[in-house]
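Chains, contacts and geometry: an overview
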Amino acid sequence: MSSPTSTPGGRKRNRNDIPATRSIGSTSPPSQRRRGQDSSNADLPAMPTSPATDIASPTVHDTSLFSSPRRSVLPSEVDMSSPLMYGTPSSRVEGTPRSGARGTPARQRPDLGSVRKAPQVDLHSEPPSADGAVASEPSVGQKLVIWGTDVNVGTCKEKFQRFLQRFIDPTSNEDENAGLDLNEPLYMQKLEEISVVGEPVLNVNCGHVQSFDADLYRQLICYPQEVIPTFDMAVNELFFERFPDSILEHQIQVRPYNALKTRNMRSLNPEDIDQMITISGMVIRTSQLIPEMQEAFFQCQVCAFSTRVEVDRGRIAEPAVCRHCNTTHSLALIHNRSAFSDKQMIKVQESPDDMPAGQTPHTTVVYAHNDLVDKVQPGDRINITGIYRAVPMRENPRQSNVKSVYKTHIDAIHFRKTDEKRLHGLDEEADQKLFTEERVKTLKELAAKPDVYERLSSALAPSIYEHEDIKKGILLQLFGGTRKDFSQTGRGNFRAEVNILLCGDPGTSKSQLLQYVFNLVPRGQYTSGKGSSAVGLTAYVMKDPETKQLVLQTGALVLSDNGICCIDEFDKMSESTRSVLHEVMEQQTLSIAKAGIICQLNARTSVLAAANPVESQWNPKKTTIENIQLPHTLLSRFDLIFLMLDPQDEAYDRRLAHHLVSLYYQSEEQIEEELLDMAVLKDYIAYARTYINPRLNEEASQALIEAYVDMRKIGSGRGMVSAYPRQLESLIRLAEAHAKVRFSDKVETIDVEEAKRLHREALKQSATDPRTGFVDISILTTGMSATARKRKEEVAQALKKMIQSKGKTPAMKYQQLFDDLRGQSEAAITKDMFEEALRALADEDYLTVTGKTVRLL
Amino acid sequence: MPSSNDWINNPLGVVEEMFVQSNSNPEWEAKVLEYFKGKLKEKQAYSWIPSLNDVPLHYLKPNSLVKFRCLVQDMFDPEFYMGVYETIDPSTKAKVLRFGKYKDVTECGVDLNSRNTVTAERQTFYCVPIPGETLWAKETYARSSQARVVPSTSYIPSRQKRSYEEDDEMDTQPQKQREPHTELHANGDSKRQETEAPSGQTTSPSNASSPLDLNFPLPGERGPACLVKVYEDLDSFKLNDMLEVYGILSVNPLLSVLCEEKDPSASLLDPTESMETPEEQRAHDPPASLVPRLHMLHARPLQHNNPLLPSDRAEDQHAFVSSFMVEMASVRAEFLAYLTHILLGDGLAAEYLLLHLISSVYARRDVLPLGKFTLNLSGCPPNSSFTESLHQVIQELVPCTYRLSMTLHNMNSLRLVPRKDYVANRLVSGALQLARNTSLVLDETRLEQGQLDASGVQNITALGNLISWQKVDYDFNYHQMEFPCNINVFVTSEGRSLLPSDCQVPLQPQVTPPNLEEYLSTVHKAQLTSQINKFRVYLSVAQTLDYSISDEVTKAVEDDFVDMRKDDPQSVSAEDLHRMLVVARLLSLSLGQTSLSREGWMRAKHIDMLRRTRSQPQTTVNGNEP
């Protein structure tokens, strides 16, 4: 710490985050400030140096080069003696209309490491010439590099400005760039945005930097602490050159993100220390806001002379003597005139997908500074870009030994929520799995095989025997249709997800199939109808006990957005729980109006449900609806409804036995092979889901139309409707999914054929009228087969006739009437049928039923 | 061997020597590992090293080589430490390179700005003694140790005497403590009841002023927990692995000082330290006197925890198994007779219990675990000590077991599933965090009518998942994580169990002794220790055998299945075939046959048929009941 007695100009210490350059040659500006490292290497010691990045270690700080526009980080830049300069940074704003780089106050960047100093060279013990020379000599002439790095400020600045001015990314599809002209330099538009909006933060995608200038990118990753301030400087120069009249709260800060260095918390190692990294994870805890003192304000109790002392590595050097009146120990700290910055500790846990099986997730501490504080909440999935730090445990003055362990944390520069997009409904770019070229090649090879569809479906749940059509259906569900957006024409999104219901006898491995699917897909949820409530499925509002803040907790359906929600024991679900599924299964959204929170969440989930028949065994004499007792409104939302029944035939038994026995004696290696299959299958699905978006071609559309017309025709011959537009939509989805299986961008006739076949199979199983043996879609759409409806009418007519034949009796006994009807009719008439008939007649205003009597009208 | 004392008593000296010799060539690390591995390979070397499991901590020499038989309960975040650093002598200004590996604390006068500093990475595992380890296993391990750690010879017997009492109580009493109403005969443990009942799962070390939760999976466990620092092959270790860790014991009192005596003003200003919650500090930096640190030099994963089986080398084990195979059939007959006595003369139930005890998940096909054989013994007399005595018998036979009394209170209040505590940043253990092949006895006869609350339902679901899928979903608050397990679940119930099971056998007692307890204890006492030891070996050997089915037998089984279905499709389902195949497998293995024979299959079918005819009338009776 330089002594407080120095002149205002000379007082300015360098801040550690400012690139240190050793100026050699004529460029050094006249206003040389005194270098700060005369303060000893005190107690808070060096950053650990990893063996690999040997040269990154010590950095000498000297900000002398940046006397103008970027004084940025230095609060001390502004004249200290000015009476306007008291208090927190905001109060330091000059009263005069400010514009231009000079007038805009710089804001500290604690994220770049203000408190802890980078290691400094002890100039006495180390031959200074050697180090200095190594860094600067190779760069001949006027080239200056920041000490310990190979960064030349001038070049770096120039390069970055060129990047800002020229970088164009026509293929960009990031949500941040929505509304920008992609053929114009991207970042210039963003600067313009800043000048309009006034939010002085420029987010820079490191991927862009890399594609523009790989060397600059490398420097950014390796020496973020030095390069980012240089970027700041460059961007401010450019900005104020362009928009000289803009008024900003503080100077623009560059926030790089998406550094490809590290994606996974587990792979962080000592070599990443002090480098810029991006990791993904989930926030598990955030601390309270911590005010961190940046500058202490002291006032003399005797003469009221005031002075400021900057915090140096967590310590304040209390002035012992008042400069003004020379009284010793008269200065007192005035808290509310000291400058503080915000800080928050955030604990991040690695996301479950990144973890090897059988281990526990790792956690990392992240510090957020200033406006990044309170940007994230526990439970958020985020990508953090920041600088990885390691700090040795504090040396205890009374102890000569030190714990040999470092504390590590990340100073956050940029947060990006990965689940935020779910709310906005844009495509999940963060989910994109990166496939190696090799992998893509194997996948494409697999796709080229003519029997890929069969192969994949048999790789699905190999332990479950046969049920090939069901597996095929589930396979198509895993791939899903193409997402279509008709919001312009007012119909909103079309559902692309395929919903499947499995019904059948207990013990036909439905649950196992569900478990398998749940394990296969990255975003699967498994719930049991018995145990889940409506809120467990959708979302509920919770009050945080500490902050009293209302928090929206999402349930299984929202969590499985873009995935599959497996619901076992669908029939056991309560009525109210099931009702929330109506919206999800067609509109793919969830509306919540609770405790003052009204919102619509996306729940683009496929539902794979399993239901048991009401009577413990499936009754083949009853329709699907009667067997599982689910409302037809819900059933019609399933694209495919399969019955899993015991086929009871010898050949099947034999194959089943063979399958099971082989299951029990296969050796380890064969099992290994299968595991590999599952991984391939996973990748195959992930690849197809992200990269393949098939569209219907002409023939396929024709085929679909024909198929639909055919389906309608079948029914019309018997006076009933056998297909609805919903079925057509199902067909389209299935055909698209099948095209995805083939990695084809076009939906062709074969896809339609398979979709038709599968749909027919499913209908044959579930929508066959047990009385007539015909497929009757109205069983699923209205809950009653056409024959049953006809029958109902007949009973009603018979009843009417009977009543009429009785002559003028205004009132009849209910039981009497029932018995009469039963006696009269040849077919057995149940009480239900009788009541239905009565209701039908009541609807005709022919009679009314009051209690036990029936009155004619 | 004179030199042995050196590497056992002063391993750091050995490391130091190698480090100095290497001249800062990074290869020294590999050399150290090589050296200790070689030393440990020597005959009997294992037994010279004192074990933390049977020697109390204060009898062990700090910085000496010790071993610890443990379960990886939690894995902490990796930490960076100074692998190599330089110290400066304040008086002479001489610089010396030193190593930080296998140490917690650095030497004096670290030059923190030195360029020779090498940062390295290590990870800490929180290890606890294997949960539910039975008394006989502990004793046998202790007896086989030849370590001479204590100067006074009089010490060892006295210590063992004490451990008898303690462990005896530990193994049988925890259930009693939680249900003092039903079991009043608690023999003199009222004192412990008082001390432990309020603290619940917390095992309080008697001398600590504030109790430290050592986070044992099972209530009432004792023994040292240990922070094992792992340097190599971090990825090869998994949660719940059973390990025998060989490492350097570090109980440096400085560790406790460093974390407790903090300058309050410093912590105010240095945010990195004030950031850790006190809970986290306690969980991650407990006093070394209570939770010693162990710097791992070598770890041996344990496939089984049976001290009677040679575990050192694969060849040894192989020879042992093949020599034992000859005896298998005869031991089995004896064992079956013994179990039949225990199960009141019910031979079929004894047969099934035997099969259950040797079952083990040997593979997983996608989500389906193969080889599990959960047994539900129904018809157990309620409100008697039968189930408890049965568990005592099992305790004498298997190395690890735990009896969970499914009282309503237990179900509602116990934490079965491990849960991540984000405040303390650790995995809070639950009773289902068990080592492989632990025998879990669920006593449903203790369940009474009443209301299950939310956590009770969760516990029941967790048990159901464990039985059906052999996995436990650990609660990570924001998500769940699935950990596969391999636990033999044995359910004793009065009627049919409410939990799923692979196989249900109603108990049909042939004898009705007037005093059940006395009867069982006489049966139990009649067995010689040598015989019991044979049974113990038998169970472990049968569990590890390989098994295959020939094509010919496959065909026969298929035919058989088709025939059975032809007669009555309702009678046999795919599930039944699944079960019969498991039964056939276990039956063959129990006889020491490593492949299925036709007779084996017929036998399996036969006993399954017997079992089914036995349960048939019962189910119809149940069905007719209102």
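- Identification of chain A as DNA replication licensing factor MCM4 from Esox lucius is taken from an unreviewed UniProt entry.
- According to the UniProt record, the Subcellular location (unreviewed entry) comment for chain A reads "Nucleus".

1. Regarding the sheet that holds strand β11 (residues 401-405) of chain B
All names here are of chain B.
- Pairing is parallel in the open sheet, where 5 strands are placed in the order β11-β14-β17-β10-β18. The open sheet has two free edges, formed respectively by β11 and β18 (503-506), since each of these has just one partner strand. Neighbour-to-neighbour, the strand axes of the sheet open up by a mean angle of 20 degrees, direction not taken into account.
- Here 3 bridges tie strand β10 (residues 375-378) to strand β17 (residues 487-492), and the two strands are oriented parallel to one another. Bridge pairing in β17 links asparagine 376 to valine 491.
- Most of the contacts of helix α15 (residues 386-397) go to β11, to which it runs at about 165 degrees, and overall it touches β10, β11, β14 (438-443) and β17.

2. Comments concerning the pattern of salt bridges
- As enumerated under the stated definition, the model contains 38 salt bridges over all chains in all.
- Between aspartate 371 of chain A and arginine 255 of chain A there is a salt bridge whose closest N-O contact spans 2.9 Å. In this pair, aspartate 371 of chain A sits in the loop between β8 (363-369) and β9 (381-392) while arginine 255 of chain A sits in strand β2 (residues 253-257), placing the two residues 116 residues apart along the sequence.
- Relative accessible area serves as the criterion here: at 27%, aspartate 371 of chain A is assigned to the partly exposed category.
- A salt bridge links aspartate 608 of chain B to arginine 612 of chain B; the shortest N-O distance between them is 3.7 Å. Of the two residues, aspartate 608 of chain B and arginine 612 of chain B both sit in helix α22 (residues 598-624), 4 residues apart, roughly one turn of that helix.
- Residue arginine 612 of chain B is classed as partly exposed on the basis of its relative accessible area, which comes to 22%.
- Via salt bridges that share partners, Asp576, Arg579, Asp608, Arg611 and Arg612 of chain B belong to a single interconnected network.

3. Here we look at unusual backbone geometry
- Even without a glycine there, the phi angle at alanine 304 of chain A is positive, about 65 degrees.
- Within the fold, alanine 304 of chain A resides in the loop between β4 (290-300) and β5 (306-310).
- One non-glycine residue, asparagine 437 of chain B, adopts positive backbone phi at about 60 degrees.
- On the accessibility criterion, asparagine 437 of chain B (16% relative accessible area) is buried.

Criteria and thresholds
- Residues numbered from 1 in each chain as written.
- Chains lettered and ligands numbered in written order.
- Predicted model: local features only at pLDDT ≥ 70, side-chain atom pairs only at ≥ 80, totals over all residues.
- Heavy atoms only, no water.
- UniProt positions renumbered as here; feature names shortened; annotations may be inferred.
- Pairing = 2+ DSSP bridges.
- Helix = DSSP H or I, 4+ residues; strand = E, 2+ residues; numbered from the N terminus.
- Axes fitted to C-alpha atoms, helices over the stretch in contact; angles between N-to-C directions.
- Contact = heavy atoms within 4.5 Å.
- Salt bridge = Lys/Arg side-chain N within 4 Å of Asp/Glu carboxyl O.
- Buried < 20%, exposed > 50% of the residue type's maximum accessible area, 1.4 Å probe, protein only.

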